[in-house]
Each structure stands twice: as structure tokens, then as C-alpha cells.
Amino acid sequence: MRVSFDSKFFEVSGRIVDMMILSLFWVVLCLPLITIVPASIAMYYAAAKVIRRETGKLIPEFFRGLKENFRQGFALNVIYLLLAGFLYVISQFAQFNGLGTAIGNLYYVFLLVCILVLACVTYYLLPILSRFQINLMGALRLSLYFGSKNLGTMIPLVITFAGFCAAVYVFPMLLMIAPGFYAYLMTKPIEATFRRYIREEMPNPEAHYGMWYMDEPALPGEKGEEG
């Protein structure tokens, strides 16, 4: 029996291997903590370009994304660490006052709201930095804009992220594939959002046609993809 290496089985297997490799590089680069954001930007870039769009080679593209976005990613990482410290202080106040007391409940609600807002902003913020030449404030504004227009696709994946974190906490071995798999899941709705934005709202969208992140140009009068 002749085995075809172009079969669906080998295609899926290849993607799983790529997700595992991507997860490994991400975990290693996250160990210093100060490089979590640059590594996450690079992981999304490689997942979108190589695993989703089958363009380029995984490891070179991962390090290309890391190099091109390291400065902004590092600065954003410092901001996130400061925010994490702030949220830790809030959690300590909540524990000190105790769940069930009025003040304790208020602290817990505030903590959960802050975490949810931060997760929603981050959902688009890191992919934006991987794709567009833009400063941090511009990326933040664009992230809020995309989030407000795409709550239906963003909220389920943010909830899924919480599920992934819980699963990894219970089964740490999932770190071998979960980060790369989640990055791959993000690429479908986010890339569709980026393409619509380029076609409908950016000046001179024709300059992007033919790039790896674009589908065939939309015909006159079309609004592009949904999702």
C-alpha cells in the first residue's frame, strides 16, 4: 500500500509537531519572566505565518518575530510586571479582609474585573504588535477598537484561555503543546479581523495584496470575510 505524505493525517501531525516546538521555545524564553511578552508576540507571529498560512519555516520565523518586536515587547513586559504587582497587592488586601465581608468582596470583584479587562486588551494587543508598525499607545487604541467590534469572537477565546490555564495548572505536561495550540486557535478570528481592517480602513490597502497574511483581494463592493 502506498502511503501519501500529502494526506490529511500527515498535515495534522505536522501542525501538532509545530505547535509542540513553538510551545517549547515559548516556555524556554519565558523563564526569565522579563521576556514573556516578546516571546508571546513571536509565538503568535510564527503560528499565524507558518502554521496557519504555511509560509516560511517555524524556528526562523519565530526568532524573526522575536527580533523585530523585542524592544516594544520588552517595554510592554515591564508594564505588565508592574500591573501584576499591583494585582498581587489587591489580592492580598482581599485575603486580609476575607471573602464574605463587604470590603473583601469589593476587592475580589475589582481584582476579577481588572484581570478580565487586561486579558481582553492583551488578546488583540500582542498580535497587533506582531503585524503592524505602530507605537504602544497606538497599538492599545487599536486593540480597544478591535475588541469593541469583535466581542462575540473575543470573549469565548478569553474564557478558553482561562480554561487552558486551569488545565495546565492541573496537568503541567500540557505546556508541551497548549501555548502553541492556543496561539493557533487565536489566528483564525484575529487574522480575519486584520484583513477586514486593512481592506476597509487602511489607506492604500492594495499595497498589502499578495502578502502572506492576505487572502485574494476582495472584489469591488465586497466587505471581506466575516469572523
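Residues numbered from 1 in each chain as written. Predicted model: local features only at pLDDT ≥ 70, side-chain atom pairs only at ≥ 80, totals over all residues. Heavy atoms only, no water.

## Details of the packing of helix H2 (residues 36-52) against helix H5 (residues 102-131)
What counts is decided by this rule: The convention used is that axes are lines fitted to C-alpha atoms, helices contributing only their stretch in contact, and that angles between N-to-C directions extend from 0 to 180 degrees. We count a stretch as a helix when DSSP gives it H or I for four or more residues in a row; a strand needs E for two or more, and each element gets its number in order from the N terminus. When describing relative orientation, an angle under 35 degrees is termed roughly parallel and one over 145 degrees roughly antiparallel, while 65 to 115 degrees is termed roughly perpendicular and anything else oblique. Each crossing gets its hand from how the near helix is turned against the far one by less than a right angle, where anticlockwise is left-handed and clockwise is right-handed. By definition in these notes, contact holds between two residues if any of their heavy atoms fall within 4.5 Å. Here the nonpolar group is Ala, Val, Leu, Ile, Met, Phe, Trp, Tyr, Cys and Pro; Asp, Glu, Lys and Arg are the charged ones; every other residue, Gly included, is treated as polar.
One way to put it is that H2 packs onto H5 with a least axis distance of 9 Å and a crossing angle of 70°. As the angle between them shows, H2 and H5 are arranged roughly perpendicular. Between H2 and H5 lies a crossing of right-handed hand. Packed against H2, whose contacting residues are Val37, Ser40, Ile41, Tyr44, Tyr45 and Ala48, the element H5 presents Leu126, Pro127, Leu129, Ser130 and Arg131 at the interface. A class-by-class count of the residues in the contact of H2 with H5 yields eight nonpolar, two polar and one charged.

## Observations concerning the nonpolar core
How we decide: Nonpolar cores were defined as sets of buried Ala, Val, Leu, Ile, Met, Phe, Trp, Tyr and Cys residues, with membership established by side-chain atoms within 4.5 Å. Classification of residues uses two cut-offs on accessible area relative to the type maximum, computed with a 1.4 Å probe and protein chains only: under 20% is buried, over 50% is exposed, and between them is partly exposed.
In this structure, Tyr123, Tyr124, Ile128 and Phe194 are the most contacted members of the largest nonpolar core, which totals 31 residues. Of all the secondary structure elements, the ones that give two or more residues to this core are H2, helix H4 (70-97), H5, helix H6 (136-149), helix H7 (151-170) and helix H8 (178-201). If we ignore the near neighbours within four places in the chain, the residues touching Tyr124 are Ser143, Phe146, Gly147, Asn150, Thr153, Met154, Ile190, Thr193 and Phe194.

## Structural notes on the confidence of the model for the chain
Any residue range with low pLDDT should be treated as having predicted coordinates unsuitable for detailed reading. Which entries qualify depends on this criterion: Per residue, pLDDT measures the predictor's confidence, with a range of 0 to 100.
Confidence in the prediction for the chain averages 88 pLDDT; 92% of positions are at 70 or higher. A low-confidence stretch, residues 217-227 stays under pLDDT 50, and its non-local contacts, those more than four residues away or across chains, total 20 contacts.

## Looking at the layout of surface pockets
Let me state the cut-off plainly: The distinction between a cavity and a pocket rests on a 1 Å grid over the protein atoms alone: a 1.4 Å probe fits inside a cavity but cannot get out, while a pocket stays open yet meets protein on both sides within 12 Å along at least five of seven lines, and a residue with an atom within 4 Å of a point counts as lining. Grid points are joined across faces, edges and corners, and a volume is the space filled by probe spheres set on the points.
The space that makes up the largest pocket amounts to roughly 1,400 Å³. Residue lining of the largest pocket: 35 residues in total, with Trp26, Ile36, Thr122, Phe161 and Cys165 positioned closest to the centre. Looking at the lining of the largest pocket, the elements that each hand over two or more residues are helix H1 (8-30), H2, H4, H5, H7 and H8. In terms of residue count, the dominant contributor to the lining of the largest pocket is H5 (eight residues). The residue inventory of the lining of the largest pocket, partitioned by class, reads 31 nonpolar, four polar and no charged.

## Observations concerning the environment of Met214
With respect to the helices and strands, Met214 occurs in the segment after H8. Put simply, Met214 and Arg195 are 19 residues apart on the chain and 6.3 Å apart in space, counted from C-alpha to C-alpha. In contact with Met214, not counting residues within four places along its chain, are Arg53, Arg195, Ile198, Arg199, His208 and Tyr209.

## Observations regarding the packing of aromatic side chains
Note the following rule: For Phe, Tyr and Trp, rings pair up if their centres lie within 6.5 Å, where Trp contributes its six-membered ring, and each pair is then called stacked (planes under 30 degrees apart), edge-to-face (over 60) or tilted (otherwise).
Under the definition given, this model contains 18 aromatic pairs. Taking the centre distance of 5.6 Å and the plane angle of 90° together, the rings of Phe25 and Phe63 count as edge-to-face. Placement of Phe25 in helix H1 and of Phe63 in helix H3 (residues 58-68) is noted, with a sequence separation of 38 residues between them. The partly exposed category is assigned to Phe63, whose relative accessible area is 37%. Between Phe93 and Tyr107, the ring centres sit 5.5 Å apart and the planes meet at 15°, which makes this aromatic pair stacked. Of this pair, Phe93 sits in helix H4 while Tyr107 is found in helix H5, placing the two residues 14 residues apart along the sequence. Among the residues examined, Phe93 registers a relative accessible area of 40% and is labelled partly exposed. An aromatic cluster is defined as three or more aromatic residues linked by ring pairs; in this entry it consists of Tyr123, Tyr124, Phe132, Tyr145, Phe146, Phe194 and Tyr197.

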